[in-house]
Structure formats: C-alpha cells, structure tokens
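# Observations on the three-dimensional arrangement
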Amino acid sequence: MGAYLLEWLSLFFRWFHVIAGVAWIGASFYFVWLDLSLRKPPQWKADKGISGDLWAVHGGGFYEIAKYKLEPEEMPKTLHWFKWEAYTTWLTGAAMMSIVYYANATAYLIDPSKVPFTSIGAIATSLLFLFGSYFIYEVIVRSHLGKNAFIFSTLIFILLVIASWGSYQLFSDRASFIHIGAILGTVMVGNVFFGIMPAQRALVDCVRRGEKPGKEVAELALQAKNRSLMNNYFTLPLIFTMISNHYPMMYAHEKGWLVLVFVGVITATARHYFNQKHLGHKKPRYLVIPAILTVLLIIWMRPEPIDPAPAMPATAAVTPTTTNSTPTATSATTNTDNVNNSSVSNNAATAAEAVPVSASVDDAMMDVVHTRCSTCHAVQPTQQGFAAPPAGIILQTPEDLKTHKAKIVTAVQTGYMPLGNITQLTDTERQQLVAYASSL
C-alpha cells in the first residue's frame, strides 16, 4: 500500500513540477529575449525615463512594451511579480526528490559498489551535498569575485565540474545526474529569492516613497541582473538533467560525470548563441561549436558492438536414483544376471556422477533473470518500493525476454538496469544476458 501511494504522489508532483517548470522557463526565456531585444526609444519616451522599447504583434493584436531605466513617473496600481513560477518549481522538485530518491533510497539513491550507505546516511549526505554546494555558490556571488562576470562564470563552471565528479563517487549513476540538476535548480531559485526579489523590492519601495534610487539599490539591481543572466545559462542544462532519467546511455556511461560536463558546455554555448542573436550579433560559431562537440560526444560514447554468442551454460550433476523394486533371484542364473546388471548400473551411476550434464542456456539465463530482474519485473514485484513492474515490463519467461529484447539489451548494456544494481548483477552475468537477449 505504501509503494502504491508513493506512485500516486510521484505522479501528482511530477505533473505540477513540469507545469511550474515550463512556466518558469518560459518567463525566463521571454524576459531575457525582451531585455536583449529592446531598442533605443524615441526622444519623448527617453525624456520620461524609458531606456528601451519594443513593438510586437501576437494573437491578433499589437503590443507596445517599454522598460524604464530605474523608476516610472508614478507607481502603477497593479504590478505583476514573477516569482511563484520559480518557487513552485523548486518545491515540487524537492517533493519529487523526497518521494523517488529518499523514500526509495536503496533502489534509486544508493549504489553499494560505490559507497555502502544506509538509507539515512545516503539522505543526509545528499542534503549536505546539495545545500553545501549552494552555500559555496552564495559565498562567491556575494564576494568581490561575483562582480566580475568572467571570473565568476569560470569559478562556477569549475565548481560544477567538481560537483559532477563528486556526485558520481557518492550516489547511483541516475541519482548523480539528478543531484546536479537539483544544485542548478537550487542556485536558480536562490538567485530569485536572495538576489532578484530583494533588488526589485528595494526599487519598488523607493518609487513608492518618491525617492530617487541610490547607489545601494543600483548595486542590488546589478547583482540581480548578473544572477538573472546566470539563471539564463543554467536553464538548458537544468532541463536536460530533469529528463535525464529517460536516457540511461548518458548517466550510466562509465564516465557519466564527464558526459554531463560535455552536455552542460554544449547547451550553455547554444544558449549563448541566442543571447547574442537577440542583441543583433550573428555569431554562428556558437552553434557550430556545440554541433562539433555533440558529434564528438556521440563518437566517444558509442558502445562496443554486441557479439550475439550464446551465454555460458550452467552445469548440474545428475544424482543416481535407487529403487528397491528388483525381484529376488530364484536361481543361480538369475543371480548371475542380477550381479551383472547391478555392475552395469553401478558403473553407469558412477559415470553420471563424474560427468556433469549441461543445463539448457534458457534455464541458465532464466535463473539469472529470476534472481536479478524479476524481483521488480514481475506481475507481483517482491522488491521493496515497487507496487508494479517498472514501465509495465514483465520478465519471467524466455518469451518475455524476446518481446522486450531491444529494451533489455540497451538497459543492461548501459548499466541502467538493475536500478542502482540493487540485485548485484555481476559483470559476467551482464555480458551473458546481453549476448543471450541479442540472439533471441
């Protein structure tokens, strides 16, 4: 019942997380585009304090958009704030993290081959890893280093590379990607809560009091702009980590942390192209570079070709059976025959004990499947935390394996399954299972 309830909670928060994330990302992209697309206004608008304007057409009507350098002539009665998209995304993401990775820590968070955490130890380490990373970011952004865009960006990139490597030393491969996404998401919502919103409140308060914003407000506004720009470059890497659990070939790679670094560089560089384009600077190299890096990543990650040779068969000794149904001899001839027959039988039994008989490949591999896979992929899973077979895939017969062989080969070869290798599938068994499924 507990696993069943967790499935529903996961579904509920996943949808809210997606909706809130789309709203936040959409608003972020829109305002960055808007800021970069504003053009010098006519003089009569500049005299009113407008620093840029934009005309647009959408939905059958014209829109006139103006941005004030600091404060408008008077405070508007209705002022829309953009914050709850960010807060809701983070809160629903934290709920998803708790439901999927903390409530089922042994299945999704822990990889015993890396660190044999207890559930409580893994959760505590995860929280320390996430909030410790954010604390370091906040210290840097508030220091004098945060005022230099190049130095600040370089430091954050180095720290994220270290965090990517560190997450792979501590957690399961799948959880490692999610942790980097959680760090990015926490930094982004922290930028909103601790940087952007305070700057906006300070500006609004000055306008309401009829005061001219001073140096302190201007510095807050500059810091808010830098934080907003950082959020802009984090957006695409964050989206990738949010959906990364669907791509085991990425996070289950033996150098998965480096794959994540590659993807981060590719997506951030592509984002930079669009930022430059909105400013009117056409620099196609910022699309060519990600394209080349993507091709190199594909070549580097390509799996070894599968040799569909049959798996190593298991062996089993035949134990001789005895019976007491032999009739009692009634003559010398019969006794002699019985002695001879007994001798032959004993010799046969000895031979049977000495020479093992090979079990079928099907039987040998199904033993592996039942031990390593069917605990989750069964009509009634026996693995804790699973109320139903993942993705509805049932693996209990050779016919089941044949039906799902394409998925099995990909999932087993990339290391995606078993999740966190919770059933301790050995490398030899993994190779045998891939070869066997490929030959079906």
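Not measured: the values here are computed from a predicted model.

### Section: a negative patch on the surface
- Taken together, the side chains of Asp362, Asp363, Asp367 and Glu399 define an acidic patch exposed on the protein surface.
- For the negative patch, the element with the most residues is helix α13 (residues 361-372), which contributes three residues.
- Here Asp363 shows up in helix α13.
- A relative accessible area of 46% means that Asp363 is categorised as partly exposed.

### A closer look at the pairing of strand β2 (residues 61-68)
- Sheet topology note: the strand β1 (residues 50-58)/β2 ladder contains eight bridges and is antiparallel. Across the sheet, residue Ala56 finds its bridge partner in β2, namely Tyr63.

### Brief notes about the packing of helix α5 (residues 119-142) against helix α6 (residues 149-170)
- The contact between α5 and α6 brings their axes to 11 Å, and the two run at 170°. As summarised for this structure, α5 and α6 are arranged roughly antiparallel, according to the angle between their axes. Listed contacts from α6 to Thr125, Phe129, Ile136, Tyr137, Ile140 and Val141 of α5 are Phe152, Leu155, Ile156, Leu159, Ala163, Gly166, Ser167 and Leu170.
- Looking at the contact of α5 with α6 residue by residue, the classes come out as eleven nonpolar, three polar and no charged.

### What about the layout of surface pockets?
- Estimated volume of the largest pocket: approximately 2100 Å³.
- Lining of the largest pocket is provided by 47 residues; of these, Phe31, Asp35, Lys67, Gln200 and Leu203 occupy positions nearest its centre.
- Elements supplying a minimum of two residues to the lining of the largest pocket: α1 (2-37), β2, α3 (84-102), α7 (173-209) and α8 (215-243).
- In terms of residue count, α8 provides more of the lining of the largest pocket than any other element does, ten residues in total.

### Looking at the nonpolar core
- Counting 60 residues, the largest nonpolar core has Tyr101, Leu109, Tyr137, Ile156, Ile183, Phe234 and Met250 as its most contacted members.
- Top element by residues in this core is α7. It accounts for 13 residues.
- Excluding anything up to four places from it in sequence, Ile183 contacts Phe129, Leu130, Ser133, Leu160 and Ala163.
- Judged by nonpolar contacts, the second largest core, of 16 residues, contains Cys373, Ile408, Leu425 and Tyr436.

### With respect to the side chain of Asn191
- Mapped onto the fold, Asn191 is located in helix α7.
- On the basis of relative accessibility, which here comes to 0%, the residue Asn191 falls in the buried class.
- Setting aside chain neighbours within four positions, we find Asn191 in contact with Tyr134, Tyr137, Ile196, Arg227, Met230 and Asn231.

### Some words on the packing of α8 against helix α10 (residues 256-278)
- The N-to-C vectors of α8 and α10 enclose an angle of 135°; their axes lie 8 Å apart at closest approach. In this view, α8 runs oblique relative to α10, as classed from their interaxial angle. For the pair α8 and α10, the sense of crossing is right-handed. On α10, the residues that touch Asn232, Tyr233, Leu236, Pro237, Phe240 and Thr241 of α8 are Leu260, Val263, Gly264, Thr267, Ala268, Arg271, His272 and Asn275.

### Brief notes about a nonpolar patch on the surface
- A contiguous nonpolar patch, built from Tyr4, Trp8, Leu11, Trp15, Val18, Ile19 and Val22 and spanning about 770 Å² of accessible area, is present on the exposed surface.
- Examined against the element boundaries, Val18 turns out to sit in helix α1.
- When its relative accessible area of 38% is taken as the criterion, Val18 is described as partly exposed.

### Some remarks on the packing of aromatic side chains
- Summed over the entire model, instances satisfying the criterion amount to 19 aromatic pairs.
- When the ring of Tyr137 is compared with that of Phe152, the centres are 5.9 Å apart and the planes differ by 50°; the resulting orientation is tilted. Taken together, the residues Tyr137 in helix α5 and Phe152 in helix α6 connect sequence positions 15 residues apart. For the pair shown, Tyr137 and Phe152 are each scored as buried.
- Connected via pairs of aromatic rings, a cluster forms that spans Trp84, Tyr87, Tyr134, Tyr137, Phe152, Phe193 and Phe194.
- The positively charged end of Arg271 is found above the aromatic ring belonging to Phe29, 4.4 Å away from the centroid.

### Describing the UniProt feature "transmembrane region" (unreviewed entry) in the protein
- As recorded in UniProt, the sites labelled "transmembrane region" (unreviewed entry) are residues 12-33, 84-103, 115-137, 149-171, 177-199, 233-250, 256-274 and 286-303.
- Helix makes up 100% of residues 177-199 and strand 0%. Its end C-alpha atoms lie 32 Å apart.
- Span residues 256-274 is 100% helix and 0% strand, its end C-alpha atoms 27 Å apart.

### Considerations on α6
- Between its first and last C-alpha atoms α6 spans 31 Å; for 22 residues at 1.5 Å apiece the expected length is 32 Å, and the two agree.
- Residues of α6 that are buried include every one of Phe152, Ile156, Leu160, Ala163, Ser164, Gly166, Ser167 and Tyr168, and no others.
- Buried residues along α6 sit against α5, α7, α8, α9 (248-251) and α10.
- Capping the start of α6, Asn148 holds a side-chain oxygen 3.1 Å from the backbone nitrogen of Phe150, two or three residues further along.

### Concerning the environment of Ile110
- Position of Ile110 relative to the elements: it lies in the loop between α4 (105-109) and α5.
- Residues Ile110 and Ile123, 13 residues apart in the sequence, show an inter-C-alpha distance of 9.3 Å.

### Concerning unusual backbone geometry
- A positive phi is found at Gln424, a non-glycine position, where the angle reads about 60°.
- Tracing the chain through its elements places Gln424 in the loop between α15 (405-414) and α16 (427-438).

### Some thoughts on the confidence of the model for the protein
- Counting all residues, the mean pLDDT for the protein is 82, and 86% of those residues have values of 70 or more.
- When pLDDT is averaged over each element of the protein, α5 comes out on top at 95 and strand β4 (residues 357-358) at the bottom at 40.
- Counting contacts from residues 309-358, a segment whose pLDDT is below 50, to residues more than four positions away or on other chains yields 29 contacts.

Analysis parameters
Residues numbered from 1 in each chain as written. Predicted model: local features only at pLDDT ≥ 70, side-chain atom pairs only at ≥ 80, totals over all residues. Heavy atoms only, no water. Patch = residues over 30% accessible without salt bridge, like charges linked within 9 Å, V, L, I, M, F, W, Y side chains within 5 Å. Areas by Shrake-Rupley, 256 points an atom, 1.4 Å probe, with all protein chains shown as cover. Salt bridge = Lys/Arg side-chain N within 4 Å of Asp/Glu carboxyl O. Lys, Arg positive; Asp, Glu negative; His and termini not counted. Charge placed at Lys NZ, Arg CZ, Asp CG, Glu CD. Helix = DSSP H or I, 4+ residues; strand = E, 2+ residues; numbered from the N terminus. Buried < 20%, exposed > 50% of the residue type's maximum accessible area, 1.4 Å probe, protein only. Pairing = 2+ DSSP bridges. Axes fitted to C-alpha atoms, helices over the stretch in contact; angles between N-to-C directions. Parallel < 35°, antiparallel > 145°, perpendicular 65-115°, else oblique. Contact = heavy atoms within 4.5 Å. Nonpolar A, V, L, I, M, F, W, Y, C, P; charged D, E, K, R; others polar. 1 Å grid on protein atoms, 1.4 Å probe; cavity = no way out; pocket = protein on both sides within 12 Å on 5 of 7 lines; lining within 4 Å. Points joined across faces, edges and corners; volume = space filled by probe spheres on them. Core = buried A, V, L, I, M, F, W, Y, C linked by side-chain atoms within 4.5 Å. Left-handed = near helix turned anticlockwise from the far one by under 90°. Phe/Tyr/Trp six-rings, centres within 6.5 Å; stacked < 30°, edge-to-face > 60°. Lys NZ or Arg CZ within 6 Å of the ring centre and 35° of its normal. UniProt positions renumbered as here; feature names shortened; annotations may be inferred. Expected span 1.5 Å × (residues − 1). Polar contact = N/O pair within 3.5 Å; in protein donor to acceptor, adjacent residues only side chain to side chain. pLDDT = per-residue confidence, 0-100.

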